[in-house]
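Now for the letters of each chain:
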Amino acid sequence: MKKIQLLLALALAGPLAMSAWAQKSTSDHIAEYRAMLADGNPSELFEAKGEGLWKQKRGPKNESLERCDLGKGAGVVKGVFVELPRYFADTKKVQDLEARLLTCMQTLQGFDAAEIAKTPFGRGEQANITALATWVAGESRGMKFNLPQDQVEEKIMYEVGKRLFFARSGTHDFACSSCHAEEDKRIRLQDLPNLTKNPGAGNGFGAWPAYRLSNGQMWGMQLRLNDCYRQQRFPYPLFGSDATVALGVYLGVNGKGGESIAPAIKR
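Residues numbered from 1 in each chain as written. Predicted model: local features only at pLDDT ≥ 70, side-chain atom pairs only at ≥ 80, totals over all residues. Heavy atoms only, no water.

### Details of the state of the cysteines
Thought 1: For the coordinates displayed, the defined rule picks out one disulfide.
Thought 2: For Cys68, the disulfide goes to Cys104, at an S-S distance of 2.1 Å. Of note, the bridge from Cys68 to Cys104 carries an S-S torsion of about 75° and is right-handed in sense. Of this pair, Cys68 sits in the loop between helix H4 (43-55) and strand S1 (86-88) while Cys104 sits in helix H5 (residues 97-107), and the two are 36 residues apart along the sequence.
Thought 3: Left without a disulfide partner, Cys179 is nearest to the cysteine sulfur of Cys228, which lies 8.3 Å away.
Thought 4: Cysteine Cys228 remains unbridged, with the sulfur of Cys176 as its closest cysteine sulfur at 6.5 Å.
Thought 5: What makes Cys228 partly exposed here is its relative accessible area of 23%. (Disulfide = S-S within 2.5 Å. Helix = DSSP H or I, 4+ residues; strand = E, 2+ residues; numbered from the N terminus. Buried < 20%, exposed > 50% of the residue type's maximum accessible area, 1.4 Å probe, protein only.)

### A look at the packing of aromatic side chains
Thought 1: According to the stated counting rule, one finds 11 aromatic pairs in the structure shown.
Thought 2: When the centroid spacing of 6.5 Å and the interplanar angle of 35° are considered together, the rings of Trp208 and Trp219 count as tilted. Separated by 11 residues along the polypeptide, Trp208 in the loop between helix H10 (200-205) and strand S5 (210-212) and Trp219 in strand S6 (residues 217-219) bring together distant segments of the chain.
Thought 3: Overall, the relative accessible area of 8% leaves Trp208 in the buried class.
Thought 4: Using a relative accessible area of 7% as the deciding quantity, one classes Trp219 as buried.
Thought 5: Here the aromatic residues Tyr158, Phe165, Phe166 and Tyr250 are joined through ring pairs into a cluster of three or more.
Thought 6: In this structure, Arg100 packs its charged tip against the face of Phe88, placed 3.9 Å from the ring centre. (Phe/Tyr/Trp six-rings, centres within 6.5 Å; stacked < 30°, edge-to-face > 60°. Lys NZ or Arg CZ within 6 Å of the ring centre and 35° of its normal.)

What follows is the structure, given as structure tokens:
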């Protein structure tokens, strides 16, 4: 109804207005739609929940996450999102934000990390991790991505992520690159960014966590990557897997200098 009313208004405004409407691409209209929704982005509710969870004493040890080290020292949140995934000496692993939060929930609060990792997305403590990641990401909104590549482990994960990105397999012989390694590709109304370089890599990687309008859910990067594998007819790699973290390193390094807009809003 609103679209019909808008078209009628444009028609009354004259041929110049109608011409301007027609010249806009579908992508332009989608961008305008997202811009209108941005002021009321439901992710703000998840940010508030995440901040509360960060400060709340919970778990078997009845502790908060305020001593969690996300890469810049215990308790530091601002600026960490744009430097993740990265190598952590205590776990001897490269971890993304969600995997690192899970480590802190186990070491500081006493939660069972393995059980949480097996929980279906969007339920129980996994839903809490998504809220925590949404708040942490929001604390770096507007900052530029600059993932570290100083450690050998970080360089290895980049190369692993690159190989996974281009690896074709499964029933449909798909790879991440099937959709995201060329310019000007789309599926239905959705533009598919080229994630091998900027601006596509920065824009794509820098938007998650994001609120999905299509299903009314908040998605972190772990769910986004797992769902990409589902669409390729692959089994889920599972939460916090080395495969998803390696892909995150590849995308994040490719997006160096891109601006984080997370938590964003998606179709």
